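Listed below, chain by chain, are the residues.
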Amino acid sequence: MSRADVPAEQSRARAAQNRASGQSGASAAQNRAPGARGGAQAPGSGTPAVRTPRALWTFGLLRSELVTTFRRWRTIALLGVLAAVPVLIGVAIRIETRDGSSAGGGGGGGPAFIAQVTNNGLFLVFTALAATLPFFLPMAIGVIAGDAIAGEANAGTLRYLLVAPAGRTRLLLTKYATTMAFCLVATVVVAVSALAVGALLFPLGELTTISGTRISLAEGLGRAFLIALVVAASLIGVAALGLFVSTLTNSGIAAMATTVGLLITVQILDQIPQLHALQPYFFSHYWLSFADLMRDPVYWDDLVRNLGLQGLYAVVFGSAAWARFMAKDITA
């Protein structure tokens, strides 16, 4: 979290504390009403009712986190970089193929589907997602997730947020939901940018699938949308890992650097042949399985493995983040 974000974060946290104090004051006034002893009582019982945070507060906290996250200059810069990647790929392919040669030098090099881009601009969507998924998208997610808790602690706003009736569990879930929203938005930004550039630089029309069958442009757009959703879902494991790392330190920069470092390390290990027995358990191993959605019929085996593996990582590291955050001594 940059220094420019600190005043806004502190104002948001203090506003949440003031709203919480106002709600607590109103509840205390009701409890002091005649006939109320020891707090509000549940109907038909003599035991005090426990006041729980209202659902409206949860949605308000989520909305506040979403607005705060997407208004940061860092977030806007990350989305801008992601949107620029399809533009660079499209322009490079256009320049390379202006003399009639094939994209990728004719040797099949480059990201998946790159050779088909000149025939149909919709393939630029698949190429851009294949190019950004190994590094750019996970790096952006790692920055947002790594800063989720550690950034608040570094700015001195974490204690203010915990004063509100959200509690640690709700705050952690809200942070994770915000990170997942960024996953979806970042993937959609790449896909929309690639679709716009592909439509401007290359023709659009019927698509030829990997299996050799022809599908209409409308069906191709539907598959592109489904692929974008699968790519976004492929990042939930990274989001949970980054959130867990964020609970281990009070330095946002350290959490972001550690998360990105782990991403790079895992992807390097995934390329070492001697580790083939472990590679199916790396969260990045099945990332490019979204290409199977361009087969006819669709191959679901690796897609299901990918989504199941991401869910496993989300459960394991999400639980670890919750356990760490619940026991964490909040000093900032």
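Summary of the structure given here. Since the structure is predicted, the reported quantities are computational estimates derived from the model, not experimental observations.

**Thoughts on the overall build of the chain**
Secondary structure summary: the chain contains 11 helices and two strands in total. Out of the 332 residues belonging to the chain, those deemed buried represent 43%. Once local pairs closer than 6 in sequence are excluded, the contacts in the chain between residues at least 24 apart make up 75%. Surface summary for the chain: the accessible area is close to 16,000 Å², and the carbon and sulfur share equals 65%.

**So, the nonpolar core**
In terms of nonpolar packing, the biggest core is built from 59 residues, with Val125, Phe126, Leu137, Phe182, Ile227, Phe283 and Phe290 touching the most fellow members. For this core, the secondary structure elements donating two or more residues are helix H3 (73–96), helix H4 (123–132), helix H5 (136–155), helix H7 (167–201), helix H8 (217–233), helix H9 (236–246), helix H10 (252–269) and helix H11 (301–327). Those residues in contact with Ile227 that sit more than four places away from it in its chain are Phe126, Leu129, Phe290, Leu293 and Met294. Listed in part, the 11 residues of the second largest apolar core include Leu61, Ile149, Ala153 and Leu243.

**So, the packing of aromatic side chains**
Enumeration according to the criterion identifies seven aromatic pairs in this entry. Between the aromatic rings of Phe135 and Phe136, the centroid separation amounts to 5.5 Å while the plane-to-plane angle is 75°, which identifies the pairing as edge-to-face. Among the residues examined, Phe135 registers a relative accessible area of 36% and is labelled partly exposed. Ring geometry for Phe283 against Trp287: centres 5.8 Å apart, planes inclined by 45°, an arrangement best described as tilted. Note on accessibility: Phe283 and Trp287 belong to one class, buried. Ring pairing ties together the aromatic residues Phe244, Phe283, Trp287, Tyr313 and Phe317, which thus form one cluster.

**Let's talk about the packing of H5 against H9**
Taken N-terminus to C-terminus, the directions of H5 and H9 make an angle of 35°; their axes are 7 Å apart at the nearest point. Between H5 and H9 lies a crossing whose hand is right-handed. Along the contact surface, H5 presents Pro138, Ile141, Ala145, Gly146, Asp147, Ala148, Ile149 and Ala150, while H9 presents Val238, Ala239, Gly242, Leu243 and Ser246.

**Concerning unusual backbone geometry**
Cis geometry marks the peptide bond from Asp296 to Pro297, where omega comes out at 5°. Checked against the element boundaries, Pro297 lands in the loop between H10 and H11.

**Describing the pattern of salt bridges**
Here the structure, examined in full by the defined rule, presents seven salt bridges. Of the charged contacts, one joins Asp147 and Arg74 as a salt bridge, the two residues approaching to 3.0 Å between their closest N and O atoms. Placement of Asp147 in helix H5 and of Arg74 in helix H3 is noted, with a sequence separation of 73 residues between them. For Asp147, a relative accessible area of 2% gives the class buried. Of the charged contacts in the structure, one is a salt bridge between Arg214 and Glu206, with a shortest N-O distance of 3.5 Å. What makes Glu206 partly exposed here is its relative accessible area of 48%. Taken together, the salt bridges that share partners define one network made up of Arg72, Arg74 and Asp147.

**Details of the packing of H5 against H7**
For any two helices packed against each other, the geometry comes down to the angle between their axes and how far apart the axes lie. Following both chains from N to C, one finds H5 and H7 inclined at 155°, their axes separated by 10 Å at the closest point. One element, H5, and the other, H7, form an angle in the roughly antiparallel class. Here H5 runs over H7; the crossing is right-handed. Counted together, Leu137, Ala140, Ile141, Ile144, Ala145, Ala148, Ile149 and Glu152 of H5 and Leu172, Lys175, Thr179, Phe182, Cys183, Ala186, Thr187 and Val190 of H7 form the full contact between these two elements. For the contact of H5 with H7, a count of residues per class yields 12 nonpolar, two polar and two charged.

**With respect to the environment of Ala327**
You can see Ala327 is positioned in helix H11. Remark: the alpha-carbon pair of Ala327 and Arg168, spanning 159 residues in sequence, is separated by 10.0 Å.

**Digging into the side chain of Thr132**
Relative to the helices and strands, Thr132 resides in helix H4. When its relative accessible area of 0% is taken as the criterion, Thr132 is described as buried.

Rules of the game
- Residues numbered from 1 in each chain as written.
- Predicted model: local features only at pLDDT ≥ 70, side-chain atom pairs only at ≥ 80, totals over all residues.
- Heavy atoms only, no water.
- Helix = DSSP H or I, 4+ residues; strand = E, 2+ residues; numbered from the N terminus.
- Buried < 20%, exposed > 50% of the residue type's maximum accessible area, 1.4 Å probe, protein only.
- Contact = heavy atoms within 4.5 Å.
- Areas by Shrake-Rupley, 256 points an atom, 1.4 Å probe, with all protein chains shown as cover.
- Core = buried A, V, L, I, M, F, W, Y, C linked by side-chain atoms within 4.5 Å.
- Phe/Tyr/Trp six-rings, centres within 6.5 Å; stacked < 30°, edge-to-face > 60°.
- Axes fitted to C-alpha atoms, helices over the stretch in contact; angles between N-to-C directions.
- Left-handed = near helix turned anticlockwise from the far one by under 90°.
- Salt bridge = Lys/Arg side-chain N within 4 Å of Asp/Glu carboxyl O.
- Parallel < 35°, antiparallel > 145°, perpendicular 65-115°, else oblique.
- Nonpolar A, V, L, I, M, F, W, Y, C, P; charged D, E, K, R; others polar.

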